[in-house]
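Spelled out, the chains give:
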Amino acid sequence: MNKLYDTLNDQQKKGVFTTEGPVLLLAGAGSGKTRVLTTRVAYLIEEKGVNPWNIMAITFTNKAAGEMKERVEDMVGFGADSIWVTTFHSTCVRILKRYGDRLGYDSTFTIYDTDDQKTVIKEILKKFQIDTKTLKERYFLSAISNAKNELISPQAYHKAIGGDFNKSRIAKVYEEYQNTLKRNNAMDFDDLIMQTVELFKNHSDILEQYQERFRYIMVDEYQDTNTAQFALISHLAAKYRNICVVGDDDQSIYKFRGANIRNILDFEKVYPDAVVIKLEQNYRSTQNVLDAANAVIGNNQSRKEKALWTEKGEGNKIHFRQFDNAFEEADYITDDIYKKQKDGLIRYSDCAVLFRTNAQARLVEERFIIRGIPYDVVGGTNFYARREIKDLLAYLKTIENGRDDIAVRRIINVPKRGVGMTSIQRIVDYADERNINFYDAMRESDQIIGLGKAAMKITAFTTMIQAFRSKMELYGLSDLIKDVIETTGYITELEASNEEDAQSRIENIDELISKVVSFEENNHEATLSDFLDEVALVADIDHVVGESGQVLLMTLHSAKGLEFPHVYIAGLEDGVFPSYMSIASEDPEAEIEEERRLAYVGITRAGDDLTLTCAKQRMVRGETQYNAASRFLKEIPPPLMDNRLSTFRKMKVTVPVKNYTAPENKPYVAGGVSALKRGGIGQGLPVMGASPDYIVGDKVAHIKYGIGIVRGIEQGAKDYQVTVDFDTAGPKIMYAAFAKLKKV
DNA sequence: TAGTTGGGTTTTTTT
DNA sequence: AACCCAACTA
């Protein structure tokens, strides 16, 4: 036995060496579970002689999968690339692309994201004349998602209605939704799992083949699996029963996505012969950080008791600061990081600032720009969900899968080619009558009455798509996307538009092209379908690289699985964290326990220093909130902190902004410095060209381009045009009102 | 058909 | 604050 195993503690060793039968590895935060998993894989191959081909490791994010793969590769000499290390969703895509035809899907099926789902559901609700004022789209979407996560088919849903009117409507919508997706040869995220389970249930030959292949299965972040994912795993493991699940019930934070915490809590009931191993030594955090985390999570009722400990001494106290408002909070975090970096105490890449919501990152981001601190915001709008990117992907999807009505309809008039709502409705009606796809109806546009001269435009469109399809045989992926952009004039139209963010849109398109090029370089045999699948399943966190010299700003959810020597958690106020939604929900006890687990995840990300902050006053969705300090702060024993929590309670706003009546001729402007004051123009008229508060020669900061020098300010027709020479991005000309430049 | 504007709405987290 | 949609205008 080599020294690979010598540095493991006894429990970790047990986890590595217990290779046969069901194993439940309860791995506390920072207890080295990834190390156990990867070493276990190496042990299976090197000591037990298991063929790498027979090993499967499943995670939730591509990033986690990639890291695991890399670490296994470092440990084992050969064969690492034949281990199946992927995410749940990409595993299912691979299986379904191969055998989806058994379920009536074509291998070119496309994957619908949340945006596409919304489009489908909207259409259906309109068709069924369901008023979206009373029952929102997301009500139906989440009902459908929940059903799929519980493996309930539309038919099964129908049977379980039991006279409930709302449920009968959901059943109707669910059925129609599912039919639409199938007609479009498309699956949503939940389908990927559910349909794979369906496939296994109904086609034992396929199941047996995969059971035979995956003789050793490992599942990471097991506490976040849902019922469908559990079924998937159980099917695969049913034959050899070598299933090792790793997780921590205290870190279960994805209930909203269908995660079923019972999967981990009841594992021993499902597999009575399971070996349970607890990893309780923490290698990451100081005792103070750990004590704080344990104190907070100790308030949860439904959990497995565990005792995390560390050999890393007491360490610094938890830093705690409260501020009058969120601006001061952001200032403090920015200055603190800046100073410590300047004094050589920390590196920027050692720091992360965590928030409950994505929007909270904005404020800190703005300060970072002014201070010149390099940073990366993880999350928010996914790159591939941006309008211009989705448009171009819709072209690719249409070329790949002509049955995807959502994709076709998205681009039929983008860029503008004179096909309006009326024409589209005529095509829809024609397609519905004949029960054919939108695209196929378009190909018969000359037979659709009432189209008039739009018919020619539509024919031109289908001819163009056909041309792309035939040209695809001749050139590569990157040529195709460049051709699409060129032929459709997509960028040309953007350039001509006076849209405020045309420039950044074009930059995004350039980035998309680069992504296609590098995808092509990395996968020589890559098909269009491969690219679309990959793109559909990437998360923002997947792109995060360690040691990039940047401070990371992200949500607590995104931070799961990561660690940083210095962690800041901002916005610790009741109503922000824990969120208002959890406090006001129908089952606040359970929801607040979930928020508390999120707090536990956040705290345990920290290695050496943890800074917790809150603000008495904060702007949320355009209105000022006054919240009490978070209950989680109060759960941390005061001796662990360097500052006491002075009590501040939820205050009543004396002048509610909404009910405020402005005195005559003196319009009231809520929040911030009024443009009227700055521009010196009166009478509440829309102020287009309020003069900027900077002059030529000033140093200014821009949200995207960073720091630059103002080279010129010219008064245009509508607004001031400002020329700025940016340090990194070079010279740019922009409208003052849009650019939102801040004098530094 | 295209562009603009005003009014209403917003669950926070994501594969 | 930001986004989406319907209604209105050109």
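1. Focus: the overall build of chain A
- Each helix and strand counted, chain A has 31 helices and 22 strands in total.
- Over its C-alpha trace chain A gives a radius of gyration of 28 Å, about what one expects of a compact globule, namely 27 Å for 744 residues.
- Expressed as lengths along the three principal axes of its C-alpha atoms, the size of chain A is roughly 75 × 70 × 55 Å.
- Across the 744 residues that make up chain A, the buried fraction comes to 52%.
- As displayed, chain A offers around 34,900 Å² of accessible surface, 50% of which is attributable to carbon and sulfur atoms.
- On chain A, the mean spot of the 97 positive side-chain charges and the mean spot of the 108 negative ones are 4 Å from each other.

2. What to know about the pairing of strand E14 (residues 551–555)
- Where burial is concerned, most of E14 is hidden: five out of the five residues are buried.
- Alternating positions in E14 separate into two faces, Val 551, Leu 553 and Thr 555 on one and Leu 552 and Met 554 on the other, with burial throughout.
- With four bridges joining them, strand E12 (residues 351–355) and E14 adopt parallel strand pairing. Note that in E14 the partner of Ala 352 across the bridge is Leu 552.
- Pairing between strand E13 (residues 375–377) and E14: three bridges, direction parallel. Of the residues in E14, the one forming a bridge with Tyr 375 is Val 551.

3. Observations concerning the packing of helix H4 (residues 88–99) against helix H9 (residues 189–202)
- In the contact formed by H4 and H9, the axes pass within 9 Å of each other and the chain directions differ by 55 degrees. The angle between H4 and H9 falls in the class oblique. In this structure, the crossing between H4 and H9 has a hand that is left-handed. Residues Phe 88, His 89, Cys 92, Val 93, Ile 95, Leu 96 and Tyr 99 of H4 touch H9, and the partners they reach there are Phe 189, Leu 192, Ile 193, Gln 195, Thr 196, Leu 199 and Phe 200.
- Classifying every residue of the contact of H4 with H9 by side-chain character gives eleven nonpolar, three polar and no charged.

4. Some details on the packing of aromatic side chains
- A complete count under the given rule lists 20 aromatic pairs for this structure.
- Seen from their ring centres, Tyr 157 and Tyr 174 are 6.1 Å apart, and the 85 degrees between their planes marks the pair as edge-to-face. Of the two residues, Tyr 157 sits in helix H7 (residues 154–159) while Tyr 174 sits in helix H8 (residues 165–183), which places them 17 residues apart along the sequence. In this pair, the class of Tyr 157 matches that of Tyr 174, namely buried.
- Above the face of the Phe 438 ring, Arg 409 is positioned so that its terminal group lies 5.6 Å from the ring centre.

Rules used in this analysis
- Residues numbered from 1 in each chain as written.
- Chains lettered and ligands numbered in written order.
- Predicted model: local features only at pLDDT ≥ 70, side-chain atom pairs only at ≥ 80, totals over all residues.
- Heavy atoms only, no water.
- Helix = DSSP H or I, 4+ residues; strand = E, 2+ residues; numbered from the N terminus.
- Rg over C-alpha atoms; globule rule 2.2 N^0.38 Å.
- Buried < 20%, exposed > 50% of the residue type's maximum accessible area, 1.4 Å probe, protein only.
- Areas by Shrake-Rupley, 256 points an atom, 1.4 Å probe, with all protein chains shown as cover.
- Lys, Arg positive; Asp, Glu negative; His and termini not counted.
- Charge placed at Lys NZ, Arg CZ, Asp CG, Glu CD.
- Pairing = 2+ DSSP bridges.
- Axes fitted to C-alpha atoms, helices over the stretch in contact; angles between N-to-C directions.
- Parallel < 35°, antiparallel > 145°, perpendicular 65-115°, else oblique.
- Left-handed = near helix turned anticlockwise from the far one by under 90°.
- Contact = heavy atoms within 4.5 Å.
- Nonpolar A, V, L, I, M, F, W, Y, C, P; charged D, E, K, R; others polar.
- Phe/Tyr/Trp six-rings, centres within 6.5 Å; stacked < 30°, edge-to-face > 60°.
- Lys NZ or Arg CZ within 6 Å of the ring centre and 35° of its normal.

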